Amino acid sequence: MLLTLTNFRENEQLSKYGDTKSARAIMLVELKKLIEANPLFRDKLQFPTLKNSRLRTLINQSLNWQHQLCKNPRSNPDIKTLFVDHTCGQPNGARAPSPVTNPLMGSIPKVGGFPPIGAHGPFQPAAAPGPAPLTASLAGWMANPSSVAHQAVSAGPIGLSPSSNAAPMVKRPRTPPTNLAMDYQTADSENVLKRPRPFGISEEVNNLPVNILPVTYPGQSHAHTLYSSEDLPKNVFSDLNQGSTVKSMDFHPVQQTLLLVGTNIGDITIWEVGSRERLASRNFKVWDLGSCSMTLQASLASEYTAAVNRVVWSPDGALLGVAYSKHIVHIYSYHGSDDLRNHLEIDAHVGNVSDLAFSQPNKQLCVITCGEDKLIKVWDAVSGNKQYTFEGHEAPVYSVCPHHKENIQFIFSTAIDGKIKAWLYDNIGSRVDYDAPGHSCTKMAYSADGTRLFSCGTNKEGESHIVEWNESEGSVKRTYHGLGKRSIGVVQFDTTRNRFLAAGDEFQIKFWDMDNVNLLTAINADGGLPASPCLRFSKEGILLAASTNDNGIKILANADGTRLLRSIETRALDAKKVASLAAAKGPIISTFGGSSSTTGTGIVVADRSAPMTAIVGLNGDSSTLADVKPRVADELEKSKIWKLTEMNEPSQLRSLRLPDSLMPIRVVRMIYTNSGGAILALTDNAVHKLWKWQKNERNPTGKATSALPPQLWQPSSGILMTNDIRESNQEDAVPCFALSKNDSYVMSASGGKISLFNMMTFKTMTTFMAPPPAATFLAFHPQDNNIIAIGMDDSSIQIYNVRVDQVKSKLRGHQKRVTGLAFSNVLNVLVSSGADAQLCVWSMDGWEKQASKFLQIPNGHVAKPLGQTRVHFHQDQIHLLVVHGTQIAIYEAPKLECLKQWIPLESSGSITDAVYSCDSQSIYASFEDGSVCILTSTTLQLRCRINHGAYLPTNPSAKVYPVVVAAHPSEPNQFALGLSDGGVHVFEPPEEGKWGSAPALENGAGPTISSATGSDQQPR
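Residues numbered from 1 in each chain as written. Predicted model: local features only at pLDDT ≥ 70, side-chain atom pairs only at ≥ 80, totals over all residues. Heavy atoms only, no water.

> Just to check I follow, could you spell out the side chain of Thr 269 for this structure?
Of note, Thr 269 is situated in strand 7 (residues 268–272). Polar contacts involving the side chain of Thr 269 include one to the side chain of Gln 242, which spans 3.0 Å. A distance of 3.5 Å separates polar atoms of two side chains, one belonging to Thr 269 and the other to Ser 281. Beyond its immediate sequence surroundings of up to four residues, Thr 269 is in contact with Gln 242, Leu 259, Leu 260, Val 261, Arg 278, Ala 280 and Ser 281. (Helix = DSSP H or I, 4+ residues; strand = E, 2+ residues; numbered from the N terminus. Polar contact = N/O pair within 3.5 Å; in protein donor to acceptor, adjacent residues only side chain to side chain. Contact = heavy atoms within 4.5 Å.)

Written as structure tokens, this is what we have:
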């Protein structure tokens, strides 16, 4: 009707219609009244406050989504409307961009979150014309959008001005902190396979809001729901006496019991918190005073002291940085133990250097500093050359927080006047100008997975604020309650496990759940805390360091942290006992080429420089390998001599055969879930079995245990997770599976297509990659659950993106089928092993082969033609456990230097499987004769053997032996066996015991090991 009127105000009801904006406001008020008047809704609704830019943000999200679906996306498309489907045609018949390098094909965001949308492109160096594109997370922080030229649609949210070559894309936080600008490009573009068929996902999956698989990140071990407040490190384990007031702390990113500490008198210390040992210490000292500025020299002439404001490790732990209260920054290189070396001295700022952080724009490690001179500077971490200077703050800069979204690198900075700014690496200026809550002196920090931004600060009046930010809007998302109204000093905070916040306030440590604004709990850590203690979580969140008011540090731990620290403490004590005995009685262990005069058994380790070294052999032989280099990772374990424990009776250990109502079929693959509360097994008939332990009074943790039987779990539908099976040659199939980091999905294959299962419903979400070739091993990329490495029976490895159903790279280097894959985050490599007894190392940057080596098959042993070779990384992600039917060996990546080799007795049969314990201190190995051997990982010394009579019937109807072994993810002394008869057994040592025992040192006598005829002997 309205359309027929010349003037719609001719209509009586619309005659008073004013301007559009006021009419909309009136309409919203009337609608709100109408809704609130409904008794069903009264007092049950909370109406959100919407910003003016919200509609534009939603429109741009929709437009970017249209463009993301284009087959041949152009870099800067012209999209004018939501009402017509947008497509990008190929300009002038030119070849479309490679789908491999298309920036739109990113990884998938986490479940439960709709990521901000923005314009993205590769990182732009300073010389690039025009400003680099902003992510939406920065765009929302623009305080004055009108001051920036507006470019509609492809620029993302309103107020952005991307460079002309910036392509819009859906932002997905994929790139890992250890390699911030990683681009998964193929090693050989001719080998890229783009499957023409659509990704075969069921309707159920297509109806999911955003994604298929949640992205995981380093340091994100499990899903949120797996953690409770009981997992927080709240129990005081030890006190460390630092000797001066602690100003800053940081746990090592890899060796999580190493704590770096800086103090108010300029001292830095590296602590091993398990053994309470100071590994390395340095006092404040200018290395080259002549190269310093005259201002610094004058300051030092009047007072040669400086406080430490910040200490921090580099992402890989190879470097550490120290920011001082006078002008300079020191960068040290750390090589383990007490080996701390001077690397760089930088005269960084005039006056106080407030903060320091490491970042990796363009894969180049940089140091970011800020200071009293109101500047932020970026330095090359190798050469010390200055790369950028950011000016714009009107007060001294208090802190910096570098971050990245996809390939966009940026830095948040805060000043003591409460101003927050953000910078790209382009020398163009601040992209954000915002006020911190209460105009407080603030620090900012992201959650470990990089998806949530928090800040905590204190203003001049002592009011403290801890908040979470909405990146897409540039506003405070939630304000947490519980901080004191009159804080003394600036309140320090930290985040952990993508779930919890902690702050030091009012002589306490206060904890919050990130999703709840109310205080979760507060502890006083047995007293002795200052008003605002300094806090720092370990990377895995199992340890927490807090400063004390008597110049010390309290180390708090949860159950997992306590176990870890106890093991280190015990090893340190044992090492001291052995060392003191050695000093009194002479050497009992021959190390690094020294001959042992002690009778009996000794561990022979050749000199590091010697070209030959002994192979550890249980048959008493000592043979040699030309390329084996004797390097032991843990000197404490090396110094311990274990007494071999033989277990022949069920009463000597705790074991449990898991209940099974399904057909007993040989178990071929098995793994604990990452939470430790379930075991997943794959049988020869392509069926998966899942056992879950229930959380109850007898099992308060809900984790796997031999004390209580679990439930063979099935969904209410009664369906089974069953793999696709090829019609022929099923005997040749090599079953394999891989579990996602959050235990939600399993990728699996049994000679046919690869299946993706939902672990909650057991439903098949999709199948892909029909043979030939067939998959023989699967491994999730450590930083992106949508990237999987697939070993194939044609000897190739395919790097596959599940989201876009695309093979990104095809790696060739093996001669037979691939039987093992292992990723290292620290080294940024993939290691593969094959039935050809060969190891290969591949760079995760471009997937080029870096090294390869064939195993040395021991004399008298014959490798099976299609025998499996498996690889597992040590906890340090450098040392590599290699498992072959003829041997167990320790290699060092990426050069594949063989450090140790262990050969079993022929009477034991071939090794069927082996794996590290969760703390990497032990190796569990299974054999064809039904026995299990437990070795010390650093020396490959046999310390316990479980014979088949300890867990199997004395007269079984058929030969039964373990096919696969799995280690519990958090209990170092628990493992499980999957048997050839279909059984699954869980093993634990006797109550409060360990596998094997080190003999007591009595009457000054050295440890000896009795040996009987035919028994396994220690290496000579």
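And the narrative resumes.
> Mind showing me how you'd approach the nonpolar core here?
Nonpolar side chains tend toward joint burial in soluble globular proteins. Among the nonpolar cores identified, the biggest contains 22 residues, and Ile 268, Ile 270, Leu 320, Val 322, Tyr 324 and Leu 340 are the most heavily contacted of them. Elements represented by at least two residues in this core include exactly strand 6 (258–263), strand 7, strand 8 (277–282), helix 5 (294–302), strand 9 (308–313), strand 10 (319–324) and strand 11 (328–334). Beyond its immediate chain neighbours, meaning those up to four positions away, Leu 340 contacts Ile 268, Ile 270, Ala 280, Arg 282, Leu 320, Tyr 332, Ser 333 and Tyr 334. (Core = buried A, V, L, I, M, F, W, Y, C linked by side-chain atoms within 4.5 Å. Buried < 20%, exposed > 50% of the residue type's maximum accessible area, 1.4 Å probe, protein only.)

> Where do I start with the packing of aromatic side chains in this structure?
How two aromatic rings sit relative to each other is set out by the distance from centre to centre and by the angle between their planes. Counting across every chain of the model gives 17 aromatic pairs. Arranged with centres 4.8 Å apart and planes meeting at 10°, the rings of Phe 768 and Tyr 800 form a pair that is stacked. With Phe 768 in strand 44 (residues 764–768) and Tyr 800 in strand 47 (residues 796–801), this residue pair connects regions lying 32 residues apart in the sequence. Considering the side-chain rings of Tyr 951 and Phe 987, the 5.1 Å spacing of their centres and the 85° angle between planes classify their relative orientation as edge-to-face. You can see Tyr 951 sitting in the loop between strand 60 (941–946) and strand 61 (962–967) and its partner Phe 987 sitting in strand 63 (residues 984–988), a full 36 residues away along the chain. Across the pair, Phe 987 and Tyr 951 agree in class, each one buried. Connected via pairs of aromatic rings, a cluster forms that spans Tyr 924, Tyr 951, Phe 975, Phe 987 and Trp 995. (Phe/Tyr/Trp six-rings, centres within 6.5 Å; stacked < 30°, edge-to-face > 60°.)

> For this particular structure, what's the right way to read the sheet that holds strand 27 (residues 508–513)?
Sheet strands pair by backbone hydrogen bonding; their relative direction is either parallel or antiparallel. Reading across the sheet, the four strands line up as 25-26-27-28 and stay open at both edges, with antiparallel pairing between neighbours. One side of each edge strand has no neighbouring strand; the edge strands of this open sheet are strand 25 (493–496) and strand 28 (519–523). Direction aside, neighbouring strands of the sheet carry axes that sit 20° apart on average. Summarising the sheet, strand 26 (residues 500–505) and strand 27 pair through six bridges and their orientation is antiparallel. Opposite Phe 500, over in strand 27, you have Asp 513 as the bridge partner. (Pairing = 2+ DSSP bridges. Axes fitted to C-alpha atoms, helices over the stretch in contact; angles between N-to-C directions.)

> I'm lost on the environment of Arg 536 in this one. Help?
Considering the arrangement of structural elements, one finds Arg 536 in strand 29 (residues 535–537). Between the alpha carbons of Arg 536 and Thr 495 there is a distance of 8.5 Å; along the sequence they are 41 residues apart. Among residues more than four places away in sequence, those in contact with Arg 536 are Met 249, Asp 250, Phe 251, Asp 494, Leu 543, Leu 544 and Ala 545.

> Is there a simple way to think about the pairing of strand 43 (residues 754–758) in this case?
In regular strands, side chains alternate between the two faces of the sheet. Where burial is concerned, most of strand 43 is hidden: five out of the five residues are buried. Neither face of strand 43 is left uncovered, since the one carrying Ile 754, Leu 756 and Asn 758 and the one carrying Ser 755 and Phe 757 both have all their residues buried. Sheet analysis places strand 42 (residues 745–749) next to strand 43, joined by four bridges and oriented antiparallel. From the neighbouring strand, Ser 748 faces strand 43, where its bridge partner is Ser 755. The antiparallel pairing of strand 42 with strand 43 creates a hairpin that spans four residues between the two strands, and Gly 751 there sits at a positive phi of about 95°.

> I'm lost on a nonpolar patch on the surface in this one. Help?
Together, Met 27, Leu 28, Leu 31 and Leu 34 make up a nonpolar patch on the protein surface, roughly 430 Å² of accessible area in all. Among the structural elements, Leu 28 can be located in helix 1 (residues 20–37). Of the residues examined, Leu 28 reaches a relative accessible area of 59% and is grouped as exposed. (Patch = residues over 30% accessible without salt bridge, like charges linked within 9 Å, V, L, I, M, F, W, Y side chains within 5 Å. Areas by Shrake-Rupley, 256 points an atom, 1.4 Å probe, with all protein chains shown as cover. Salt bridge = Lys/Arg side-chain N within 4 Å of Asp/Glu carboxyl O.)

> What am I meant to see in the sheet that holds strand 16 (residues 386–390) here?
With antiparallel pairing, four strands are arranged side by side in an open sheet as 13-14-15-16. The sheet is open, and its two borders are formed by strand 13 (353–359) and strand 16, each paired with just one other strand. Recorded for the sheet is a direction-independent mean angle of 20° between the axes of neighbouring strands. Across six bridges, strand 13 lies against strand 14 (residues 366–371) in antiparallel orientation. The residue of strand 14 that forms the bridge with Phe 358 is Val 367.

> So what exactly am I meant to see when it comes to helix 5 here?
Residues that lie three or four places apart on an α-helix share one face, since the helix turns once every 3.6 residues. Considered for burial, the residues of helix 5 that qualify are Leu 296, Ser 299 and Leu 300. Down the axis of helix 5, the buried side of the element spans an arc of 95°, and every buried residue falls inside it. The outward face of helix 5, more than 90 degrees from its buried face, is lined by the exposed residues Met 294, Ala 301 and Ser 302. Buried residues in helix 5 make contact with strand 11 and strand 12 (340–347). (Arc of directions from axis to C-beta.)

> Can you walk me through the pattern of salt bridges in this structure?
Should the charged atoms of two oppositely charged side chains come close, the side chains can pair. Tallying each qualifying case throughout the model produces 25 salt bridges. The partner of Arg 431 in a salt bridge is Asp 426, and the shortest N-O contact between them spans 2.4 Å. Arg 431 gets classed as buried once you look at its relative accessible area, which sits at 10%. Arg 870 is the partner of Asp 913 in a salt bridge, and the nearest nitrogen-oxygen pair spans 3.9 Å. In this pair, Asp 913 sits in strand 57 (residues 911–916) while Arg 870 sits in strand 53 (residues 870–873), placing the two residues 43 residues apart along the sequence. The pair formed by Asp 913 and Arg 870 is uniform in burial state, with each residue classed as buried. Within this structure, Arg 452, Glu 468, Arg 478 and Asp 515 form a network of salt bridges that share partners.

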